[in-house]
Amino acid sequence: VGEQALLKCSFKSSSPITENLLVDWTYRPLSGGHMETVFHYQSIPHPTTAGKFKDRISWVGNVANGDASIAIQSPELSDNGTFICSVKNPPDV
């Protein structure tokens, strides 16, 4: 709580990295409920514009190095839950 939280995500791809590469981060609260997309990357970062993580997630990854990590500013105990990183680099998934 109070410090930036780094959520690491690394990937390997058998295909060359192109502008078609997609990164999606989703979140489900500890209490359950629906999954929500909190971050999207395609060529440039697209942080969520709604929900509890609005204006709090920043891109710290570098897809050329197989890194799709994000950071959460000012994390709170209520942010606890499951974060899933999904990387698609067509035709490789």
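Residues numbered from 1 in each chain as written. Predicted model: local features only at pLDDT ≥ 70, side-chain atom pairs only at ≥ 80, totals over all residues. Heavy atoms only, no water.

*Asks:* Help me out: how do you make sense of the nonpolar core in this one?
*Replies:* The tendency in soluble globular proteins is for nonpolar side chains to be buried as a group. Core analysis: the largest hydrophobic core is formed by 18 residues, its most contacted members being Val23, Trp25 and Trp59. Of all the secondary-structure elements, those providing two or more residues to this core are strand E2 (22-29), strand E3 (36-42), strand E5 (57-59) and strand E6 (70-72). Residues in contact with Val23, not counting those within four places in the same chain, are Phe39, His40, Tyr41, Trp59, Val63, Ala68, Cys85, Ser86 and Val87. (Core = buried A, V, L, I, M, F, W, Y, C linked by side-chain atoms within 4.5 Å. Buried < 20%, exposed > 50% of the residue type's maximum accessible area, 1.4 Å probe, protein only. Helix = DSSP H or I, 4+ residues; strand = E, 2+ residues; numbered from the N terminus. Contact = heavy atoms within 4.5 Å.)

*Asks:* Would you explain the UniProt feature "domain: Ig-like" (unreviewed entry) in the protein chain in this entry?
*Replies:* What UniProt calls "domain: Ig-like" (unreviewed entry) maps, in this numbering, to residues 1-93. The span residues 1-93 is 0% helix and 39% strand, and its two end C-alpha atoms sit 34 Å from each other. (UniProt positions renumbered as here; feature names shortened; annotations may be inferred.)

*Asks:* What exactly am I supposed to notice about the sheet that holds E6 here?
*Replies:* Within a sheet, adjacent strands bond to each other through the backbone by hydrogen bonds, running parallel or antiparallel. In space, the three strands of this open sheet follow the order E1-E6-E5, with antiparallel pairing throughout. The strands lining the two open edges of the sheet, one partner per strand, are strand E1 (5-7) and E5. With strand direction ignored, the average angle separating the axes of adjacent strands in the sheet is 25°. Alignment of E5 against E6, held across three bridges, turns out to be antiparallel. (Pairing = 2+ DSSP bridges. Axes fitted to C-alpha atoms, helices over the stretch in contact; angles between N-to-C directions.)

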